[in-house]
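The residues making up each chain are set out below.
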Amino acid sequence: MDKNKIRLDYNNMMADVIGSKGFTSADFDAVADRVDFAVDYFNEKKGTGFMGWTKLHDEQDAVVEDIIKTAEEVRSKFKNFVVLGIGGSALGPISAFQALCHLHHNEVNQGRRKNAPKFYVEDNVDPERMVALLNTIKLKDSCFNVITKSGSTSETMTQYLVIKDALEKAGLNPKEHIITTTSANSGNLIKIAKAEGYKTFYIPDGVGGRFSELCPVGLLPAAVLGIDIKKMLEGAKFMYESCVNGEKADNMALTAATLQFIAINKGHNISVMLPYADSLKFIADWYCQLWGESLGKNKLMDGTPCNIGQTPVKALGVTDQHSQIQLYTEGPFDKVITFIAVDKYRKKVVIPNGCEDFPNVNFLCGHTMNELITAERKATEYAVTKAGKLNHTIYLPTVNEYTLGQLMMFFELKTAYCGFMLNIDPFNQPGVEEGKNATYALLGRPGYEDKAKELRAGTKKLKKYMM
Ligand code: PA5
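Residues numbered from 1 in each chain as written. Predicted model: local features only at pLDDT ≥ 70, side-chain atom pairs only at ≥ 80, totals over all residues. Heavy atoms only, no water.

Counting secondary structure elements, the protein contains 19 helices and 12 strands. Computed over C-alpha atoms, the radius of gyration of the protein comes to 23 Å, within 12% of the 23 Å expected from 2.2 N^0.38 for 467 residues, which places it in the range of a compact globule. Across the 467 residues that make up the protein, the buried fraction comes to 51%. Here the protein displays about 22,000 Å² of accessible surface, and carbon together with sulfur accounts for 53% of that area. Positive and negative charge centroids in the protein, built from 55 and 55 side chains respectively, lie 4 Å apart. (Helix = DSSP H or I, 4+ residues; strand = E, 2+ residues; numbered from the N terminus. Rg over C-alpha atoms; globule rule 2.2 N^0.38 Å. Buried < 20%, exposed > 50% of the residue type's maximum accessible area, 1.4 Å probe, protein only. Areas by Shrake-Rupley, 256 points an atom, 1.4 Å probe, with all protein chains shown as cover. Lys, Arg positive; Asp, Glu negative; His and termini not counted. Charge placed at Lys NZ, Arg CZ, Asp CG, Glu CD.)

What follows deals with the site of the ligand. Within the structure, the ligand sits among 15 residues, and Thr148, Ser150, Thr153, Gln289 and Glu293 are positioned closest to it. In this structure, an oxygen atom belonging to the ligand sits 2.6 Å away from a side-chain N or O atom of Glu293. Relative to its unbound accessible surface of 390 Å², the ligand loses 93% to contact with the protein. Among the cavities detected, the one that contains the ligand is the second largest pocket. For the shell around the ligand, the secondary-structure elements that each account for two or more residues are helix H13 (281–295) and helix H18 (430–442). When its residues are assigned to classes, the shell around the ligand shows two nonpolar, nine polar and four charged. (Near = heavy atom within 4 Å. Polar contact = N/O pair within 3.5 Å; in protein donor to acceptor, adjacent residues only side chain to side chain. 1 Å grid on protein atoms, 1.4 Å probe; cavity = no way out; pocket = protein on both sides within 12 Å on 5 of 7 lines; lining within 4 Å. Sits in = over half its atoms within 2 Å of the grid points. Nonpolar A, V, L, I, M, F, W, Y, C, P; charged D, E, K, R; others polar.)

For the rest of this paragraph, the subject is helix H3 (residues 32–45). Over its 14 residues, H3 runs 20 Å from end to end, which matches the ideal 20 Å to within 8%, given 1.5 Å per residue. All of the buried residues along H3 are Val35, Ala38, Val39 and Phe42. Seen end-on, H3 carries its buried residues on one side only, within an arc spanning 95 degrees. Structural note: H3 exposes Asp33, Asp40 and Glu44 on the side pointing more than 90 degrees away from its buried face. Structurally, H3 contributes buried residues whose contacts are with helix H11 (229–245), helix H12 (252–265) and helix H17 (401–421). With its phi angle positive at about 80 degrees, Gly47 sits one or two positions after the end of H3. (Expected span 1.5 Å × (residues − 1). Arc of directions from axis to C-beta. Contact = heavy atoms within 4.5 Å.)

Take the layout of surface pockets next. Each pocket or cavity is described by its volume, and for the largest pocket that value is around 1,000 Å³. Around the largest pocket, the lining is made up of 34 residues, and of these Leu103, Ser279, Tyr345, Arg346 and Lys347 lie nearest the centre. Residue contributions to the lining of the largest pocket peak at five residues, all from helix H16 (residues 369–386). Here the residues of the lining of the largest pocket are counted per class, giving 16 nonpolar, nine polar and nine charged. Considered as a void within the structure, the second largest pocket measures approximately 570 Å³ in volume. Lining of the second largest pocket is provided by 30 residues; of these, Ser150, Thr153, Val432, Glu433 and Lys436 occupy positions nearest its centre. (Points joined across faces, edges and corners; volume = space filled by probe spheres on them.)

As structure tokens, this is what we get:
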């Protein structure tokens, strides 16, 4: 077996290991038709419609070279790189940054940052945060990457307008400081980018926001940070090939999707993502969007009404052992916990001596923090399993570009398969669009007058319920 391959251990989902709360072969037989459907449907649709993301690891050679060249220019000219985007246009860049850069990147010197600029992702429209950013960075030293697939998301367009205005007021040319990443064929940003002459990268058709980390959305920020984006794509390709083109029995993403599908059918409505590594903390956030937005739907593929989904929850080991684990161990049987384990942390810290007179502390001395975090993960896995709670573990040999690429592709494939098993469209987000449209209406965007009327008629508040 490839020693760089990520692995899945699902012993603690199975009845012959954990007892009656686990799954049996009868559970797998009962969903076999849905699993076959998911595989066939995936194979039929891959590369088409909203499954353009299945080609990203294979079809971006030219754009990757352009990204690397542009990233070099950015690195040589700017001290700050700021992503303006939200949802899928922010969470991928944040998680790759956290996984592959110094954990205190912005505080350490340039050498430790491997000559990368400081990095900020502004994924909110909280005015206090915007002012804080403008108080923190010097505009003349900053490059802004405006990322929006639709090219019209209010939050991102607002940030763009604020930054462009600030650049102009500072006597700077926005064209020298702004790079846009958007759809080539739709939305407003592409029109603005052409009119203003901004350097632009395109989000390929068929790549939705939450499936976009491996296109310019994620690759440009990653390359600016000095991350080896070719290795990330290689990792993704490896996972894709082994799942989609390998033996069905070896398809890790399909197995993981099937386990979650059985769990959902049995009423396990919560999916907890619990990485034991600070570097993977934001992978849990990224997963929450991917899983929540893709599977949470009120229509089956044929339009039949439903209310389907599994609520994702992010957690961090060991931190949340002192916050959420009590609930997971003793609370209801409504969750599936996904541990993410790292075989080899990139750093080692020995716990020094110094408490010889206190045996109850001294037992730690001479061990490493690596041993401690691993022991705590194993101990938590033991505790939740003993309590009969469903869990499984994804192992990363170490955290690097190659394993991160695999991990992201694994989750994307798992999400697509599970969506097809559930018989919903995992690639749309009408619930998000509804909120976006209501915002347009509230702020008077032309064309949304009827929506504004609908909002006025539909929002009623009674004083007696206000305190
Ligand atoms: O997954 C999605 O498509 C959404 O969550 C989007 O990422 C999010 O709404 C931002 O959209 P856009 O990139 O069009 O600004």
